[in-house]
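Residue-level structure breakdown
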Amino acid sequence: MDPDKLRALQAPLKERYKAAPELALIPARAEAVIDQEDILCRVATHAGTTWTGLHPAAGGDGSSACSADMLLEALVACAGVTLKAVATAMRIDLKQAKVIADGTWDIRGTLAVDRNAPVGLTEIKLKYEIDSTADPKKLQKMIELTERYCVIYQTLSQPPAITSELALT
């Protein structure tokens, strides 16, 4: 896609959201159905059903998706799409581009081995592998804008308030 086509595609959307900001609040939803027989959940995705389960470090057999990996997958997917949109808008030719996320978590927290060990990812490293003839300063600006406008990056950088409720059926 070229920058003019991208601008033409987004211009009416931007105008609509400026005129009616309430329309800019886009709902997102995910649902996991707990398996009755095993420690698994079924998650419907745009690409089909994903079965999630225990990570091998927690006793799983490795045949099911790991939630931490899925979080990193969401991050690289969002950053990758955002990077491509930003590169397009900035007229940066990307010969090749890849976004890689590496995370670290301490299984002792999840398994209640050590009450002082954290539960969850404690570090995420994002790397952009870019093959482009563009000026390095322009590429750095592209990365800055990617991170500024990437929904998942910003959500992880500035976590939202999370609430929960029990709904008996």
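Our structure is the block above this text.
The following paragraphs examine the structure supplied in this document. (Residues numbered from 1 in each chain as written. Predicted model: local features only at pLDDT ≥ 70, side-chain atom pairs only at ≥ 80, totals over all residues. Heavy atoms only, no water.)

**Structural notes on the overall build of the protein**
The helix and strand tally for the protein stands at five helices and five strands. Helices (α) and strands (β) of the protein occur, in sequence order from the N terminus, as α-β-β-β-α-β-α-β-α-α. Its C-alpha atoms give the protein a radius of gyration of 20 Å, clearly above 15 Å, the size a compact globule of 169 residues would have. Counting only C-alpha atoms and orienting by the principal axes, one finds that the protein spans roughly 55 × 40 × 30 Å. When the 169 residues of the protein are sorted by exposure, 20% land in the buried category. Accessible area for the protein stands at about 12,600 Å²; split by element, carbon and sulfur atoms hold 55% of it. (Helix = DSSP H or I, 4+ residues; strand = E, 2+ residues; numbered from the N terminus. Rg over C-alpha atoms; globule rule 2.2 N^0.38 Å. Buried < 20%, exposed > 50% of the residue type's maximum accessible area, 1.4 Å probe, protein only. Areas by Shrake-Rupley, 256 points an atom, 1.4 Å probe, with all protein chains shown as cover.)

**Topic: the environment of Tyr-153**
Looking at where Tyr-153 falls in the secondary structure, it is placed in helix H5 (residues 151–157). Tyr-153 gets classed as partly exposed once you look at its relative accessible area, which sits at 23%. It is 21 Å that separates the C-alpha atoms of Tyr-153 and Leu-94, two residues lying 59 residues apart in sequence. Not counting chain neighbours up to four residues away, the residues in contact with Tyr-153 comprise Leu-75, Leu-126 and Glu-147. Here the side chain of Tyr-153 touches Glu-147 through a polar contact of 3.3 Å, side chain to side chain. (Contact = heavy atoms within 4.5 Å. Polar contact = N/O pair within 3.5 Å; in protein donor to acceptor, adjacent residues only side chain to side chain.)

**Notes on the pattern of salt bridges**
For the coordinates displayed, the defined rule picks out six salt bridges. One salt bridge in this structure joins Lys-18 and Glu-15, with 4.0 Å as the shortest N-O distance. Taken together, the positions of Lys-18 and Glu-15, both in helix H1 (residues 3–19) and three residues apart, correspond to about one turn of that helix. In the salt-bridge network here, residues are joined through shared partners; they are Asp-106, Arg-108 and Asp-114. (Salt bridge = Lys/Arg side-chain N within 4 Å of Asp/Glu carboxyl O.)

**A short note on the packing of helix H2 (residues 67–89) against helix H4 (residues 136–149)**
Helix-helix packing: each pair is described by the crossing angle between the helix axes and the interaxial distance. Two elements in contact, H2 and H4, have axes whose closest approach is 9 Å; the angle formed by their N-to-C orientations is 130°. In terms of orientation, H2 lies oblique with respect to H4. The interaxial crossing formed by H2 with H4 has right-handed handedness. Contacts from Ala-79, Thr-82, Leu-83, Val-86 and Ala-87 of H2 reach H4 at Met-142, Ile-143, Leu-145, Thr-146 and Tyr-149. (Axes fitted to C-alpha atoms, helices over the stretch in contact; angles between N-to-C directions. Parallel < 35°, antiparallel > 145°, perpendicular 65-115°, else oblique. Left-handed = near helix turned anticlockwise from the far one by under 90°.)

**Quick look at H1**
The end-to-end C-alpha distance of H1 is 24 Å, a good match for the 24 Å that 17 residues give at a rise of 1.5 Å each. Approximately 35° is the largest bend angle found in H1, and it occurs at Gln-10, with the proline Pro-12 only one to four residues beyond. Here H1 starts with a cap whose side-chain oxygen sits 3.0 Å from the backbone nitrogen of Asp-4, and that cap is Asp-2. (Expected span 1.5 Å × (residues − 1). Bend = angle between axes of the 7 residues up to and from the residue.)

**Comments concerning the sheet that holds strand E1 (residues 32–34)**
Ordered in space as E1-E2-E3, the three strands form an open sheet in which the pairing is antiparallel. Only two strands of the sheet have a single partner each, and these edge strands are E1 and strand E3 (48–53). Strand-to-strand twist in this sheet, taken as the mean axis angle between neighbours without regard to direction, amounts to 30°. Here three bridges tie E1 to strand E2 (residues 40–45), and the two strands are oriented antiparallel to one another. Note on E2: the bridge partner recorded for Ala-32 is Val-43. (Pairing = 2+ DSSP bridges.)

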